Amino acid sequence: DAPLPEPEAEGGPSPIELLHKTPVEDVPYSLAQYKGRLLAGIGSVLKLFEIGKKKLLRKCEYKHFQTAVNTIQVIGERIFATDMSDSFHVLRHKQQDNQFHEFADDVLPRWISAATILDYSTVAGADKFENLFICRLPQNVEEDIEEDPLTYKFKWETGYLNGAAFKLDQICSFYVGEMITSLTKASLSNTSNEVLVFGTSMGSIGVFYPFDSREDVDFFLHLETVSYTHLTLPTIYSV
């Protein structure tokens, strides 16, 4: 069994206190907070836990992943979970039925190494083949439609071969040249735009900066040409 510890922080600079441990069936690959509960990727199963007095109490689970749930990102009602070998899956927890409902997924079976949320409908991910990509949910996604029970039963029995009703649209893709192992959205200063900061398996740290205008694109392309000709500087890429 792989124990799932749940620490509790005391007030001030006090050390973290171990509240209790919960035995689980497989390795916990990812954890995320969801409405005061804990989402955990335990092997290939996404589980929802509630805090108990002596251990975590399992409330709901979703078994339609192929290998391992290696990242979990939450924004509002949406849960963006990644399968290690099958890219993004977008879910929502229905409180009335206490079930997870998957309403969107990716069309490509990407081997995910890192992921982060950009906004309510957009996510960025990286795969083990050294690519960075951005995907977005289509505008016609309807999360509140009650699904057909027969269709849901059919999907449950046939497993992952039947995909979700909606598909993520790929916005862009870029070959980095090193496998990205960490990816996050951040602002480098109070007045700057948000950027994508990433770290790679070779120890590199890089930034993807969004261009707001064509003038910015032309400026950095010119700077890239000058740096190749006259200076020894890190390469500036443009997407």
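Everything discussed here concerns the structure shown above.
Computed from a predicted model, the values in this text were never measured in an experiment. (Residues numbered from 1 in each chain as written. Predicted model: local features only at pLDDT ≥ 70, side-chain atom pairs only at ≥ 80, totals over all residues. Heavy atoms only, no water.)

A. Quick peek at the overall build of the protein chain. Helices and strands together make up the secondary structure of the protein chain, namely 2 helices and 18 strands. Across the 239 residues in the protein chain, those meeting the buried criterion constitute 40%. Within the protein chain, contacts between residues at least 6 apart in sequence are counted, and of these 46% link residues at least 24 apart. By element, 54% of the accessible surface of the protein chain is carried by carbon and sulfur atoms, the whole surface being about 14,000 Å². (Helix = DSSP H or I, 4+ residues; strand = E, 2+ residues; numbered from the N terminus. Buried < 20%, exposed > 50% of the residue type's maximum accessible area, 1.4 Å probe, protein only. Contact = heavy atoms within 4.5 Å. Areas by Shrake-Rupley, 256 points an atom, 1.4 Å probe, with all protein chains shown as cover.)

B. Geometry of the sheet that holds strand β16 (residues 180-187). Ordered by their spatial adjacency, 3 strands build an open sheet running β16-β17-β18, and the pairing between neighbours is antiparallel. Looking at strand neighbours, the two that pair on one side only are β16 and β18 (205-208), the edges of this open sheet. When the angles between neighbouring strand axes are averaged without regard to direction, this sheet yields 25°. Note: strand β17 (residues 194-200) against β18, 4 bridges, orientation antiparallel. The partner of G199 across the bridge, within β18, is I205. (Pairing = 2+ DSSP bridges. Axes fitted to C-alpha atoms, helices over the stretch in contact; angles between N-to-C directions.)

C. The arrangement of the packing of aromatic side chains in detail. Considering all chains together, one arrives at 7 aromatic pairs under this definition. Three or more aromatic residues link up through ring pairs in this structure, and these residues are Y209, F211, F219 and F220. The ring of W111 carries the charged tip of K128 above its face, separated from the ring centre by 4.3 Å. (Phe/Tyr/Trp six-rings, centres within 6.5 Å; stacked < 30°, edge-to-face > 60°. Lys NZ or Arg CZ within 6 Å of the ring centre and 35° of its normal.)

D. View of the nonpolar core. Membership of the largest hydrophobic core comes to 15 residues, with the highest contact counts inside it found for F80, F88, V90 and L137. For this core, the secondary-structure elements that each account for two or more residues are β9 (87-94), β10 (99-105), β11 (112-117) and β13 (131-136). Sort the elements by how many residues they give to this core and β11 lands first, with 3 residues. Ignoring any residue separated from it by four or fewer positions in sequence, one finds V90 in contact with I79, F80, H101, E102, F103, A104, L137 and L168. Counting 14 residues, the second largest nonpolar core, distinct from the first, contains A32, Y34, I79 and F100. (Core = buried A, V, L, I, M, F, W, Y, C linked by side-chain atoms within 4.5 Å.)

E. Structural context of helix α2 (residues 214-230). Between its terminal C-alpha atoms α2 stretches 24 Å, which fits the 24 Å expected from 17 residues at 1.5 Å a residue. Of all the positions in α2, only V217, E224 and S227 are classed as buried. With its buried residues spanning 90° around the axis, α2 presents them on a single face. Counted as exposed and oriented over 90 degrees from the buried face of α2: R214, E215, F219, H222, T229 and H230. (Expected span 1.5 Å × (residues − 1). Arc of directions from axis to C-beta.)

F. Up close: the sheet that holds β9. Read across the sheet, 5 strands follow the order β7-β8-β9-β10-β14 without closing on themselves; strand pairing throughout is mixed. Because the sheet does not close on itself, it has two edges, and the strands there are β7 (69-75) and β14 (166-167).

G. How the structure looks around the state of the cysteines. In this structure the tally under the stated criterion is 0 disulfides. Here C135 is not cross-linked by a disulfide; its sulfur's nearest cysteine counterpart is in C172, at 8.8 Å. On the basis of relative accessibility, which here comes to 0%, the residue C135 falls in the buried class. (Disulfide = S-S within 2.5 Å.)

H. Layout of a nonpolar patch on the surface. On the surface, a nonpolar cluster with roughly 300 Å² of combined accessible area is contributed by L188, V207 and Y209. Considering the arrangement of structural elements, one finds Y209 in the loop between β18 and α2. Residue class for Y209 comes out partly exposed when judged on its relative accessible area of 40%. (Patch = residues over 30% accessible without salt bridge, like charges linked within 9 Å, V, L, I, M, F, W, Y side chains within 5 Å. Salt bridge = Lys/Arg side-chain N within 4 Å of Asp/Glu carboxyl O.)

I. Structural view of the environment of G177. With respect to the element layout, G177 can be found in the loop between β15 (169-175) and β16. Judged by its relative accessible area of 30%, G177 falls in the partly exposed class. Each C-alpha atom, one on G177 and one on L132, is 9.8 Å from the other, the two residues being 45 residues apart in sequence.

J. Geometry of the pattern of salt bridges. This model, assessed by the stated rule, comprises 11 salt bridges. Close ionic contact of K167 with D105 constitutes a salt bridge, the shortest N to O distance being 2.7 Å. Pair noted here: K167 is in strand β14 and D105 is in strand β10, with a separation of 62 residues, a long-range link. In this structure D105 comes out as buried when scored by relative accessible area, which is 6%. One salt bridge in this structure joins E194 and K185, with 3.5 Å as the shortest N-O distance.

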